[in-house]
There are 2 protein chains.
Amino acid sequence: MTPLRIDLAPNDIPTHWYNVVADLANAPAPPLGPDGKPVTPEAMGAIFPGPILEQEMSAQRWIAIPDEVRQIYAQWRPSPLIRALRLEQALGTPAKLFYKYEGVSPAGSHKPNSAVPQAYYNKVAGTQRLTTETGAGQWGSSIAYAGQMFGLPVRVYMVKVSYQQKPFRRSMMQTWGAEVFASPTDRTQAGRNALAADPDSPGSLGLAISEAVEEAAADPAVCYTLGSVLNHVALHQTVIGLEAKKQFDKLGLYPDVIFGPCGGGSSFAGIAFPFLADKMAGDKRAQHLRCVAVEPTSCPTLTQGAYAYDYGDASGYTPIMKMYTLGHDFMPPGIHAGGLRYHGDSPLVSQLLHERLIEALAVPQVATFSAGVAFARAEGIIPAPESCHAIRAAIDEALRCKERGEPRTLLFNLTGHGHFDMASYDKYLSGQLEDYAYPVEAIRQSLTRLPKVG
Amino acid sequence: MTPLRIDLAPNDIPTHWYNVVADLANAPAPPLGPDGKPVTPEAMGAIFPGPILEQEMSAQRWIAIPDEVRQIYAQWRPSPLIRALRLEQALGTPAKLFYKYEGVSPAGSHKPNSAVPQAYYNKVAGTQRLTTETGAGQWGSSIAYAGQMFGLPVRVYMVKVSYQQKPFRRSMMQTWGAEVFASPTDRTQAGRNALAADPDSPGSLGLAISEAVEEAAADPAVCYTLGSVLNHVALHQTVIGLEAKKQFDKLGLYPDVIFGPCGGGSSFAGIAFPFLADKMAGDKRAQHLRCVAVEPTSCPTLTQGAYAYDYGDASGYTPIMKMYTLGHDFMPPGIHAGGLRYHGDSPLVSQLLHERLIEALAVPQVATFSAGVAFARAEGIIPAPESCHAIRAAIDEALRCKERGEPRTLLFNLTGHGHFDMASYDKYLSGQLEDYAYPVEAIRQSLTRLPKVG
């Protein structure tokens, strides 16, 4: 048999996460508070427990993964690295195409890689309850799962329109014991303000963040969790790339180009950073390595945004962070890859792009679904719409390899399965899916409202 | 770390399926045609290709798995055997609880174990197109996937009410390139008759079978596929139990009791038959082995049915088979475990029960969901409603072990994930799920309409 799936043993689950901060040429720009000064650990301590804060600010290269976390990871990790041999054949490409499949987790995506340690550190820090926000529910379901694994109650503020229209991930969160509220609620001041302004408010991710943060800030026993963007989330996701490196070692191969979908940046960071470490360390194999963050043309943060300080949320409640941004009040069109509808990006991913260590690429929606269907028909797995962005870019690269006769080794992060996204596939297959015009004017306008710094 | 997941290498994918017919004390009763005589291979050849027919009638103990099939299996097989340590702790049981997780396949269930070889054998036999029927879509999606893997077009007749109300698996089939029709259609005589009688007919599984069989019988280039009940389907599913045996060998353990959900019987057969082989061969470890087929109280084929010849479909178009049956026109209540709503059962499973080599148990719906939620909260994986039946029985056994202080080793077949069944969980969690009264009178009546034999 041609080996298709490269598995590792449970003992191959990484013992440490990789922190790319240790290898950056320039120290990351600090998050700034409302006073324009770097946010203190004490201020952040109102919503995050100590161990998470330490990781968020750490410059240590390797950070040990607690045994309790590895024990939970062991239920689905190491995740498989799979060679897309049938897709290669369908494309007629000389390229070797590999994907790291994160859809094997209980929540069906990569999100539990960070949800589990976040729940664990909160548990040991004595946190009594977790809060978070969620849009379609990828992150909310992952933290509901992780909280349940450590006996920690979880409250999720779910954007009301998703709560009503996409009930399945809500049911998933509730199955795992979480309380789920349709945001805006009357439980928080932010929610009450929104309801006073519009009793029929459909909610927004920015507003849900405000509600979750408000509840955490008001109660010392409650902490807030976030599923992407921040350094500690990117850190936790590096298990993906660290495992992939071991899997390539088993094959005696090394990737030439790595593709990851990029919304808040953590899944891209997860697969790319461990390989970038080699490149930054001067490893010859990684000398010409390219890492490509793939985003939607309708929310083109890395390719069309400004590299500037901006708020993490839409309402301007969070500290400001140096990152690529479309402006915190930019409202992306309602594309089906909900996980990529974010105005900003991970500060670490942003810095690496700014320093030209990685690349970014924007792809339009219909082309991503066409790639997803081609992938499903060749490889069997139906990918999440977010993952389809990386697949589109990888297929295009494989076709370029075909033109040029280059047998390159390509790797992409298949961040999740699309079993909750069949309505989107249905729209694509019935020809109802649309591309959005590049939101050039909206971006230009929202960028005029960036916060002033210094 | 406590080992939770017992993995095997790709080379451990079984090279042969196990055929329990070879070890039966009595030869299986043959299927009979309308003339009351055993159905000839020639008659069956109208809808099945040669290699499938051979397997259906074979008494050979081991049947080689083609490399092409193992190559496809290798994308997700060997599937993990997982120790439910957290569930054991939650129950406070001294029992060791293991589950074989089949939800890792591209379709999310065990069904591709048979869909892949069925598609393969049809491909090599020169079949030009496959037909099948499907209710909620578990089997239809699996054969759509498998057909796509071998470049074989697939037509699925999907019960109209499911087609309209459960669109997600329909979209899944279409993503894999299958044509899906809402049955009854005007494409077949059976469909046209049904539409003439009732233009708004919601369809039924029996009617969809009739349409799929009619299309296959009318065109020599078209063959029919079935996802359970028949011997060759049970045969293909034995990869589950064969792998589980290797996994228990690695642990130096052997199960005392095995539980499988049982509708048409193939997933129960898949996990149980390879262990039963040991028992029938006099293996000391299997001397006291119990294998328990778990079914819904609302469709209690094995526990309340008659062991008699009956039709495989509701309309009486198929040959009659010796099996436990509730009567071919028994209409089970609309429970959420759609895969267990079948009036009959695998003739092989039925014979083993009749000969007291296995046991059967019926459990009510609400109790199965309560077990599913307990499992999800302990183990993370949200199980399919069908799987919840086996979980209920395993949990009850684990609790008996606790009462008696018996550290027994229990194994159950976690046949699929519940990501397409969240609406059912939602009903359970919101207290809207009901148990159905034991359909005693309906069974009594339908059993009076069994076909006359001899």
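Residues numbered from 1 in each chain as written. Chains lettered and ligands numbered in written order. Predicted model: local features only at pLDDT ≥ 70, side-chain atom pairs only at ≥ 80, totals over all residues. Heavy atoms only, no water.

## Observations regarding the overall build of chain A
Reasoning step 1: Helix and strand content of chain A: 19 helices and 15 strands.
Reasoning step 2: Relative to its length of 454 residues, chain A is compact, with a C-alpha radius of gyration of 21 Å against a globular reference of 22 Å.
Reasoning step 3: The 454 residues of chain A split such that 63% are buried.
Reasoning step 4: Within chain A, contacts between residues separated by at least 24 positions form 76% of all contacts whose residues are at least 6 apart in sequence. (Helix = DSSP H or I, 4+ residues; strand = E, 2+ residues; numbered from the N terminus. Rg over C-alpha atoms; globule rule 2.2 N^0.38 Å. Buried < 20%, exposed > 50% of the residue type's maximum accessible area, 1.4 Å probe, protein only. Contact = heavy atoms within 4.5 Å.)

## Looking at the domain arrangement of chain A
Residues and elements named next belong to chain A.
Reasoning step 1: Considered domain by domain, chain A is made up of domain 1 (5-10 + 78-108 + 238-447) and domain 2 (17-65 + 111-231).
Reasoning step 2: Each of domain 1 and domain 2 has a C-alpha centre, and the two are 23 Å apart.
Reasoning step 3: Taking both partners together, domain 1 and domain 2 bury about 2,900 Å²; carbon and sulfur atoms supply 67% of that area.
Reasoning step 4: On the domain 1 side of the interface with domain 2, the three residues burying the most area are Ala107, Leu348 and Phe420, jointly 19% of the side's total.
Reasoning step 5: Summed over the shared surface of domain 1 and domain 2, the number is zero salt bridges.
Reasoning step 6: Run the count over domain 1 and domain 2 and you get ten residue pairs in polar contact (both at pLDDT 80 or more).
Reasoning step 7: Put simply, the parts of the chain that give the side of domain 1 that touches domain 2 at least two residues each are α12 (239-251), α13 (266-280), β13 (320-325) and α15 (347-354). (Domains from an automatic or database assignment. Buried area = accessible area lost by both parts, 1.4 Å probe. Salt bridge = Lys/Arg side-chain N within 4 Å of Asp/Glu carboxyl O. Polar contact = N/O pair within 3.5 Å; in protein donor to acceptor, adjacent residues only side chain to side chain.)

## Quick look at the packing of helix α9 (residues 189-197) of chain A against helix α10 (residues 205-218) of chain A
Residues and elements named next belong to chain A.
Reasoning step 1: Remark: α9 packs on α10, axes separated minimally by 8 Å, with the N-to-C direction vectors making an angle of 145°. Contacts between α9 and α10 pair Gln189, Ala190, Gly191 and Ala194 from the former with Leu207, Ser210, Glu211 and Glu214 from the latter.
Reasoning step 2: The class makeup of the residues in the contact of α9 with α10 is three nonpolar, three polar and two charged. (Axes fitted to C-alpha atoms, helices over the stretch in contact; angles between N-to-C directions. Nonpolar A, V, L, I, M, F, W, Y, C, P; charged D, E, K, R; others polar.)

## Concerning the sheet that holds strand β9 (residues 222-224) of chain B
The strands making up a sheet associate through backbone hydrogen bonding, with each pair oriented either parallel or antiparallel.
Residues and elements named next belong to chain B.
Reasoning step 1: In spatial order, the strands read β8-β7-β6-β9; together these four strands make up an open sheet with parallel pairing. Only two strands of the sheet have a single neighbouring strand rather than two, namely β8 (179-183) and β9. Ignoring which end each strand starts from, the neighbouring axes of this sheet average 25° apart.
Reasoning step 2: With respect to the sheet, helix α6 (residues 138-149) is in contact with β6 (129-134) and β7 (154-159), its orientation differing from that of β6 by roughly 165°.
Reasoning step 3: Where helix α10 (residues 205-218) meets the sheet, it contacts β6, β7, β8 and β9, and its direction lies at approximately 170° from that of β6. (Pairing = 2+ DSSP bridges.)

## Here's the deal with the pattern of salt bridges
All names here are of chain A.
Reasoning step 1: On inspection of all chains with the given rule, the structure shows 42 salt bridges over all chains.
Reasoning step 2: Ionic pairing is found between Glu179 and Arg155, a salt bridge with its closest N-O pair at 2.9 Å. Of the two residues, Glu179 is situated in strand β8 (residues 179-183) and Arg155 in strand β7 (residues 154-159); the sequence distance between them amounts to 24 residues.
Reasoning step 3: With relative accessibility at 35%, the residue Glu179 sits in the partly exposed group.
Reasoning step 4: Given a relative accessible area of 14%, Arg155 falls into the buried group.
Reasoning step 5: If you follow the salt bridges from partner to partner, you end up with Lys245, Asp249, Asp278, Asp283 and Arg285 in one network.

## Things to note about the interface of chain B and chain A
Reports often express the size of an interface as the amount of accessible area lost when the parts come together.
Reasoning step 1: Taken together, the contact pairs 48 residues of chain B with 47 residues of chain A.
Reasoning step 2: In this assembly, chain B packs against chain A so that about 4,300 Å² is buried in total across both faces, 56% of it on carbon and sulfur atoms.
Reasoning step 3: Inspection of the region where chain B meets chain A yields two salt bridges.
Reasoning step 4: With a closest N to O distance of 3.2 Å, Asp426 of chain B and Arg170 of chain A form a salt bridge.
Reasoning step 5: Secondary structure elements with two or more residues in the side of chain B that touches chain A: α3 (67-73), α6, α8 (167-175), α16 (365-379) and α18 (422-429) of chain B.
Reasoning step 6: Here the element with the most residues in the side of chain B that touches chain A is α8 of chain B; it accounts for six residues.

## Focus on the nonpolar core
Reasoning step 1: In terms of nonpolar packing, the biggest core is built from 101 residues, with Trp17, Tyr73, Val116, Phe273 and Leu411 of chain A touching the most fellow members.
Reasoning step 2: The greatest single-element share of this core, amounting to eight residues, is contributed by α13 of chain A.
Reasoning step 3: When neighbours within four sequence positions are excluded, Phe273 of chain A is seen to be in contact with Tyr18, Val20, Ala234, Thr238, Phe268, Leu348, Val349 and Leu352 of chain A.
Reasoning step 4: Core analysis: the next-biggest nonpolar cluster, separate from the first, contains 100 residues, Phe369 of chain A together with Val222, Phe275 and Tyr342 of chain B among them. (Core = buried A, V, L, I, M, F, W, Y, C linked by side-chain atoms within 4.5 Å.)

## Focus: the relation of the copies chain B and chain A
Reasoning step 1: Rotating chain B by 180° and translating it 0.0 Å along the rotation axis places it on chain A, where the RMSD comes to 0.0 Å. With respect to symmetry, the two chain copies, as superposed, fit the operation of a two-fold axis.
Reasoning step 2: Interface overlap between copies: 98% of the residues of chain B at the interface are likewise at the interface in chain A, consistent with a symmetric, same-surface contact. (Least-squares fit on C-alpha atoms with pLDDT ≥ 70 in both.)

## Regarding the sheet that holds strand β10 (residues 257-261) of chain A
Reasoning step 1: The sheet built from seven strands is open, its strands ordered β1-β4-β5-β15-β10-β11-β14 (chain A) with mixed pairing. Either end of the sheet is taken by a strand with one partner, and the two such strands are β1 (5-6) and β14 (359-363) of chain A.

## Considering the side chain of His236 of chain B
Residue and element names in this part refer to chain B.
Reasoning step 1: With respect to the helices and strands, His236 occurs in helix α11 (residues 231-237).
Reasoning step 2: The exposure class assigned to His236 is buried, which follows from its relative accessible area of 0%.
Reasoning step 3: Apart from residues no more than four positions distant in its own chain, His236 is found in contact with Trp17, Ile52, Gln55, Tyr73, Asn113, Ser114, Pro117, Gln118 and Tyr121.

## Some details on the packing of aromatic side chains
Reasoning step 1: The full count for this structure, using the stated rule, is 37 aromatic pairs over all chains.
Reasoning step 2: When the ring of Phe98 of chain B is compared with that of Phe248 of chain B, the centres are 5.0 Å apart and the planes differ by 70°; the resulting orientation is edge-to-face. Of this pair, Phe98 of chain B sits in strand β5 (residues 96-101) while Phe248 of chain B sits in helix α12 (residues 239-251), and the two are 150 residues apart along the sequence.
Reasoning step 3: Of the residues examined, Phe248 of chain B reaches a relative accessible area of 1% and is grouped as buried.
Reasoning step 4: Their ring planes at 80° and their centres at 6.3 Å tell us that Phe248 of chain B and Phe275 of chain B sit as a pair that is edge-to-face. Here the residue Phe248 of chain B occupies a position in helix α12, and Phe275 of chain B occupies one in helix α13 (residues 266-280), the gap between them amounting to 27 residues. This pair shows no difference in class: Phe248 of chain B is buried, exactly as Phe275 of chain B is.
Reasoning step 5: Taken together through their ring pairs, the aromatic side chains of Trp17, Tyr120, Tyr121 and Phe150 of chain A make up a single cluster.
Reasoning step 6: Over the ring of Tyr163 of chain B we find Arg170 of chain B, and its NZ or CZ is 5.0 Å from the ring centre. (Phe/Tyr/Trp six-rings, centres within 6.5 Å; stacked < 30°, edge-to-face > 60°. Lys NZ or Arg CZ within 6 Å of the ring centre and 35° of its normal.)

## Structural notes on the side chain of Glu88 of chain A
Reasoning step 1: As for its placement among the helices and strands, Glu88 of chain A is situated in helix α4 (residues 85-91).
Reasoning step 2: With residues near it in sequence (within four places) discarded, Glu88 of chain A still touches Arg83, Thr93, Ala95, Lys96 and Leu97 of chain A.

## Considering the pairing of strand β6 (residues 129-134) of chain A
Residues and elements named next belong to chain A.
Reasoning step 1: Among the six residues in β6, six count as buried, and that is most of the element.
Reasoning step 2: Alternating positions in β6 separate into two faces, Arg129, Thr131 and Glu133 on one and Leu130, Thr132 and Thr134 on the other, with burial throughout.
Reasoning step 3: Sheet topology note: the β6/strand β9 (residues 222-224) ladder contains three bridges and is parallel. Among the inter-strand pairings, Thr131 is bridged to a residue of β9, identified as Tyr224.

## Here we look at the confidence of the model for chain A
Regions with low pLDDT should not have their predicted coordinates read in detail.
Reasoning step 1: When pLDDT is averaged across chain A, the result is 95; 99% of the residues are at 70 or more.
Reasoning step 2: Both confidence scores are given for the complex: pTM 0.96, ipTM 0.94. (pLDDT = per-residue confidence, 0-100.)

## Observations regarding helix α2 (residues 50-57) of chain A
Reasoning step 1: Buried within α2 of chain A we find Ile52, Leu53, Gln55 and Glu56 of chain A. For α2 of chain A, the buried positions fall inside an angular range of 160° around the axis, keeping them on one side. (Arc of directions from axis to C-beta.)

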